[in-house]
Amino acid sequence: MAPSWAPLILSTTKFEHGSVGTMFYLKALHKVTVTSFEIYSGAVSSNVPIQIYTRSGKYLGHQVSAIGWDLVYNDTAVSLLGPDVPTELLDVDVTIPHNTYQSFFIWSPNEKVMYTPGTAEEALYSSNAHLEYYEGVGITNQFSEDMADVIYYVSLLVHRYEVEYTEAPSSSPSHQPSDLPSSVPSSGPTSSEPTLVPSLSPTIVSH
């Protein structure tokens, strides 16, 4: 069966603020793969570098350190479409296991990624049958080791993104035969002695 697809709207209200870095986390209600983001920028701009980092679990305690973050998107020449038209960031590939959190850090050093005030950092803002989105924080300097670069005074954020994702397929069945014999013998063996010559017309059994 083909993977299912659906967007998760992370904000439906008009943005009010922006930052060169934004950080948040998602929770997978079952195993899913995030494949892209849509963002709104402060202005229309060309050749803008944008990076997306991710890490397992919540970002708390890891806002300003590069340790544990993996770079999953790196484009040095993105054409940002401004505050009214979303810009797609494609070819993201992050699988989130069932019932776990995954953090994301979107970094755009030359142009602001827009967000709106929310209710509280880590507050659940939106969800569907697959994912939950929690409000995050703004970041003013990438992995600086300085917590002053976390925007706490506007940390009540709702990022204006859409997440596009596929439902990750279930694990494939094993192709290895069982090491144990069947517990039920044949009810009608063909002979008490094994044949010494194989059949020239073997029976084909469909499963």
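Above this text is the structure in question.
Here we summarise the structure given alongside this text.

## Topic: the overall build of the protein
What the protein contains, in helices and strands, is zero helices and 15 strands. Taken across its 207 residues, the protein has 42% of its residues classed as buried. In the protein, of all internal contacts separated by at least 6 residues, the share reaching a separation of at least 24 is 83%. Counting only carbon and sulfur atoms, one obtains 55% of the accessible surface of the protein, whose full area is about 11800 Å².

## Examining the side chain of Arg-55
By the secondary structure assignment, Arg-55 is in strand β5 (residues 44-56). Of the side chains bearing the opposite charge, Asp-70 lies closest to the buried Arg-55, which forms no salt bridge; the N-O distance is 8.3 Å. The residues touching Arg-55, leaving out its near neighbours within four places in the chain, are His-62, Ile-67, Gly-68, Trp-69, Gln-102 and Ser-103.

## Digging into the environment of Thr-116
In this fold, Thr-116 is placed in strand β10 (residues 113-117). A residue is classified by how much of its surface remains accessible, and Thr-116, at 3% relative accessible area, is buried. Along the chain, Thr-116 and Glu-135 lie 19 residues apart, while their C-alpha atoms are 9.9 Å from each other.

## As for the side chain of Thr-87
Mapped onto the secondary structure, Thr-87 falls in strand β7 (residues 87-89). Among the polar contacts listed, one links the side chain of Thr-87 to the backbone nitrogen of Leu-81, at a separation of 2.9 Å. Every residue in contact with Thr-87, bar those within four places of it in the chain, is listed here: Phe-37, Glu-38, Ile-39, Val-78, Ser-79, Leu-80 and Leu-81.

## Quick notes on the nonpolar core
Within the largest apolar cluster, 24 residues are counted, with the highest numbers of intra-cluster contacts made by Phe-37 and Ile-50. Those elements that place two or more of their residues in this core are β3 (21-28), β4 (32-39), β5, β6 (70-81), β8 (94-96), β9 (101-107), β12 (131-139) and β15 (162-167). With four residues, the top contributor of residues to this core is β4. Counting residues in hydrophobic clusters, the runner-up holds 14 residues, among them Val-20, Met-23, Val-64 and Trp-107.

## A word on the environment of Asn-99
As for its position among the elements, Asn-99 is in the loop between β8 and β9. Asn-99 gets classed as partly exposed once you look at its relative accessible area, which sits at 46%. Sequence spacing of Asn-99 and Ala-28 is 71 residues, and the spatial spacing of their C-alpha atoms is 5.3 Å. With sequence-adjacent residues up to four places away left out, Asn-99 is seen in contact with Lys-27, Ala-28 and Leu-29. Engagement of the side chain of Asn-99 in a polar contact is seen with the side chain of Lys-27, the distance being 3.4 Å.

Rules of the game
Residues numbered from 1 in each chain as written. Predicted model: local features only at pLDDT ≥ 70, side-chain atom pairs only at ≥ 80, totals over all residues. Heavy atoms only, no water. Helix = DSSP H or I, 4+ residues; strand = E, 2+ residues; numbered from the N terminus. Buried < 20%, exposed > 50% of the residue type's maximum accessible area, 1.4 Å probe, protein only. Contact = heavy atoms within 4.5 Å. Areas by Shrake-Rupley, 256 points an atom, 1.4 Å probe, with all protein chains shown as cover. Lys, Arg positive; Asp, Glu negative; His and termini not counted. Salt bridge = Lys/Arg side-chain N within 4 Å of Asp/Glu carboxyl O. Polar contact = N/O pair within 3.5 Å; in protein donor to acceptor, adjacent residues only side chain to side chain. Core = buried A, V, L, I, M, F, W, Y, C linked by side-chain atoms within 4.5 Å.

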